[in-house]
Amino acid sequence: MAVPATAVPISSNVQFDAALIRKMSQQGPRYTSYPTADRFTDSFGMGDYLQAVNSVRAMGARNPLSLYLHIPFCDKLCYYCACNKIITKVRSKADEYLTYLKREIEIQGKLFADMNTVEQLHFGGGTPTYISDAQMGDLLAHLRKWFRFATDDVGEYSIEIDPRTVSPERVHSLRAQGFNRISFGVQDFDEDVQKAVNRIQPEECTLGVMQAARDAGFRSISIDLIYGLPKQNLITMDKTLSKVIAANPDRLSIYNYAHMPALFKPQRRINEDELPSGETKLDMLSLCIRRLTEAGYVYIGMDHFAKPNDELAIAQRQGRLHRNFQGYSTHAEAEMVAMGVSAISSVGSTYSQNEKTLEGYYERLEQGELPICRGIKMNVDDLLRRIIIQMLMCNFELSIKSVELAYPITFANYFATELEKLRALEADGLLTIDQEWITVTPKGRLLIRNICMVFDRYLGMPREVKVERMHYSKTI
Ligand code: SF4
């Protein structure tokens, strides 16, 4: 299959330019937070978090709440996995975990008592549906005991499921339990690719779950694909895309597989000889963008696509898209309270992360403490850069005037060095700059991380604490 190597307009809002991508691709953060998690320090603790909650309360608690619940268990190992998960078939481990998770929910619920309602809930993992239907019901009842939730038409309540372990009946049950958005991994429909990554997920199983989600009335169905897996090529990818487009999900994420076996042990089981070359990966990305945009999907940014009438695309058109640890969101400016092992909260002007091991997590809760082990208090410069990175990531443009109205700076002076670097990117065609706007071009959109990196003050600075698994993936 011939894929043009030069700039070809394939949709009005994104343009694939192979030569430019080859030139600009480098390692960089995904900016689900700014400062990025590798800048958190262990001098930040529970006291700092409590202070942040108090100042949110003192300021009138204007923002709604967003809850994240982490369920770390999985049945089977996918060889490409780079997540923080625990593979086990010992179901009693989940019982023990839920006991502690409920303790954490109670502590957080008391802290946020009488503050705003929850407008967003996300269950992630691992595999959230590792826990049984009854366990889920019990956990949600506990959450409702400690937090007030907005009604179904207002709230965005989402869960990641594993189609291999979820029956259509369970999908209906999840909807009845209050979830209204569902997402799951497909990765690739090709059987050989599935075997090579140890994730056998028959097509009927995926399509059955999708149909059940539609019948049950989920408002948005989202699926994940990965390009760059072993045994993938343009032909397998094209077939998978045809099946995906026929399945008609509301949203799609297409992730670039970053093979880093030195950092992620499961990836050592992948046969490197079967991995597609860098050039084939680029061609696959080009194909994905072409097929999806031709099928009517809008490029939201950073691997995400949505139908034009999906809330994500509507929010982007209206300039109210937001980015957080779960990716893009339609609910801006929420206080995010994340619970479970390794979960990261964003409250007031702080980020805080929970203990990363079950032992550490249980021990802290056993002592009646919140299991926070590290984090960061943002200063004014961090907040300013965070809003700039948010705007660029979500809207692909930045109003210089709006930044100057919100912060006591003259943009051209404060960001003189950054503007110089941006001029170089402008020369490469990634963006345009005038007196009032920085605007990302359609071919700059795929390289948005490169643009945001210009505003990242921490890049290249030494870290205060040694962080294991510190790495960034390639920007494309
Ligand atoms: S990719 Fe997802 S389902 Fe597979 S092992 Fe990792 S967390 Fe579990």
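Cut-off values and rules
Residues numbered from 1 in each chain as written. Predicted model: local features only at pLDDT ≥ 70, side-chain atom pairs only at ≥ 80, totals over all residues. Heavy atoms only, no water. Helix = DSSP H or I, 4+ residues; strand = E, 2+ residues; numbered from the N terminus. Rg over C-alpha atoms; globule rule 2.2 N^0.38 Å. Buried < 20%, exposed > 50% of the residue type's maximum accessible area, 1.4 Å probe, protein only. Contact = heavy atoms within 4.5 Å. Areas by Shrake-Rupley, 256 points an atom, 1.4 Å probe, with all protein chains shown as cover. Near = heavy atom within 4 Å. Nonpolar A, V, L, I, M, F, W, Y, C, P; charged D, E, K, R; others polar. pLDDT = per-residue confidence, 0-100. Phe/Tyr/Trp six-rings, centres within 6.5 Å; stacked < 30°, edge-to-face > 60°. Pairing = 2+ DSSP bridges. Right-handed = clockwise from strand over helix to strand, strands pointing away. Core = buried A, V, L, I, M, F, W, Y, C linked by side-chain atoms within 4.5 Å. Axes fitted to C-alpha atoms, helices over the stretch in contact; angles between N-to-C directions. Expected span 1.5 Å × (residues − 1). Arc of directions from axis to C-beta.

1. Here's the deal with the overall build of the chain
Moving on, step 1. Across its full length, the chain carries 16 helices and 23 strands.
Moving on, step 2. Its C-alpha radius of gyration of 22 Å places the chain within 12% of the 23 Å reference for a compact globule of 476 residues.
Moving on, step 3. Viewed in the frame of its principal axes, the chain has a C-alpha envelope of about 60 × 55 × 45 Å.
Moving on, step 4. The buried share of the chain, reckoned over its 476 residues, is 57%.
Moving on, step 5. For the chain, contacts bridging at least 24 residues in sequence account for 74% of all contacts bridging at least 6.
Moving on, step 6. In the structure as shown, the chain presents an accessible area of about 19700 Å², 51% of it carried by carbon and sulfur atoms.

2. Thoughts on the site of the ligand
Moving on, step 1. Taken together, Cys74, Lys76, Cys78, Tyr80, Cys81, Cys83, Gly126, Thr127 and Arg199 make up the full set of residues near the ligand.
Moving on, step 2. For the shell around the ligand, the class distribution of residues is five nonpolar, two polar and two charged.

3. Comments concerning the confidence of the model for the chain
Residues shown with low pLDDT carry predicted positions that ought not to be read at fine detail.
Moving on, step 1. Scored by pLDDT, the chain comes out at a mean of 92, with 94% of its residues at no less than 70.
Moving on, step 2. Contacts from residues 1-11, a stretch scored under 50 in pLDDT, to residues over four places away or in other chains number 24 contacts.
Moving on, step 3. In the model, residues 465-470 has pLDDT below 50 throughout and makes ten contacts with residues more than four positions away in sequence or in other chains.

4. Quick word on the packing of aromatic side chains
Moving on, step 1. One pass over the structure, following the stated rule, counts 15 aromatic pairs.
Moving on, step 2. On the numbers, 6.3 Å between centres and 15 degrees between planes, the contact of tyrosine 299 with phenylalanine 396 is stacked. Here tyrosine 299 is found in strand 12 (residues 298-301), whereas its partner phenylalanine 396 is found in the loop between helix 12 (380-395) and strand 20 (397-399), with 97 residues between them in sequence. Of the two residues examined, tyrosine 299 and phenylalanine 396, each falls in the buried class.
Moving on, step 3. Each ring, one from tyrosine 414 and one from phenylalanine 415, has its centre 4.9 Å from the other, and the planes form 75 degrees; the classification is edge-to-face.

5. Here we look at the pairing of strand 9 (residues 181-187)
Moving on, step 1. In terms of residue burial, strand 9 counts as a mostly covered element, since seven of its seven residues are buried.
Moving on, step 2. Judged by which residues are buried, strand 9 turns out to be covered on both faces: Arg181, Ser183, Gly185 and Gln187 on one side and Ile182, Phe184 and Val186 on the other are all buried.
Moving on, step 3. Two strands pair when backbone bridges link them, and strand 8 (residues 156-161) and strand 9 are joined in this way by four bridges, in the parallel orientation. Note on strand 9: the bridge partner recorded for serine 158 is arginine 181.
Moving on, step 4. Of the crossover connections in this fold, the one passing from strand 8 over helix 5 (residues 168-176) to the parallel strand 9 is right-handed.
Moving on, step 5. When strand 9 meets strand 10 (residues 220-227), the two strands line up parallel, connected through six bridges. Bridge pairing links serine 183 to serine 222 in strand 10.

6. Looking at the nonpolar core
Moving on, step 1. Grouped together as the largest cluster of nonpolar side chains are 131 residues, with contacts concentrated most on Phe123 and Phe411.
Moving on, step 2. Counting residues in hydrophobic clusters, the runner-up holds ten residues, among them Leu77, Tyr79, Val193 and Tyr257.

7. Details of the sheet that holds strand 20
Moving on, step 1. Here we have three strands laid out as an open sheet, ordered 20-22-21, and antiparallel in their pairing. Strands at the two margins of the open sheet, each flanked by one partner only, are strand 20 and strand 21 (431-433). Pairwise comparison of adjacent strand axes, ignoring direction, gives a mean angle of 10 degrees for this sheet.
Moving on, step 2. Strand direction decides the pairing type here: strand 21 and strand 22 (residues 437-440), joined by three bridges, are antiparallel. For isoleucine 433, the partnering residue across the bridge sits in strand 22 and is isoleucine 438.
Moving on, step 3. Lying over the sheet, helix 12 contacts strand 20 and strand 22, oriented at roughly 135 degrees with respect to strand 20.

8. Some remarks on helix 2 (residues 46-58)
Moving on, step 1. End to end, helix 2 covers 18 Å across 13 residues, agreeing with the expected 18 Å (1.5 Å per residue, within 8%).
Moving on, step 2. All of the buried residues in helix 2 are Asp48, Tyr49, Ala52, Val53 and Val56. The buried side chains of helix 2 occupy one side of the element, clustering within an arc of 140 degrees when seen end-on.
Moving on, step 3. As for helix 2, its buried residues are in contact with helix 3 (92-111), strand 16 (335-339), strand 17 (344-347), strand 18 (350-354) and strand 19 (372-377).
Moving on, step 4. Where helix 2 ends, the next residue or the one after it, glycine 60, has phi of about 100 degrees, a positive value.

9. Let's talk about the side chain of threonine 240
Moving on, step 1. Along the chain, threonine 240 turns up in helix 8 (residues 234-247).
Moving on, step 2. Threonine 240 gets classed as buried once you look at its relative accessible area, which sits at 1%.
Moving on, step 3. Ignoring anything within four residues of it in the chain, the contact list for threonine 240 reads Asp188, Phe189, Asp190 and Leu225.

10. A closer look at the environment of proline 261
Moving on, step 1. Relative to the elements of secondary structure, proline 261 occurs in the loop between strand 11 (251-256) and helix 9 (278-294).
Moving on, step 2. It is 9.2 Å that separates the C-alpha atoms of proline 261 and tyrosine 80, two residues lying 181 residues apart in sequence.

11. Digging into the environment of aspartate 162
Moving on, step 1. When you line up the elements, aspartate 162 lands in the loop between strand 8 and helix 5.
Moving on, step 2. Considering only alpha carbons, one finds aspartate 162 and tyrosine 362, 200 residues apart in sequence, at a separation of 26 Å.
Moving on, step 3. Beyond its immediate sequence surroundings of up to four residues, aspartate 162 is in contact with Thr127, Thr129, Arg199 and Gln201.

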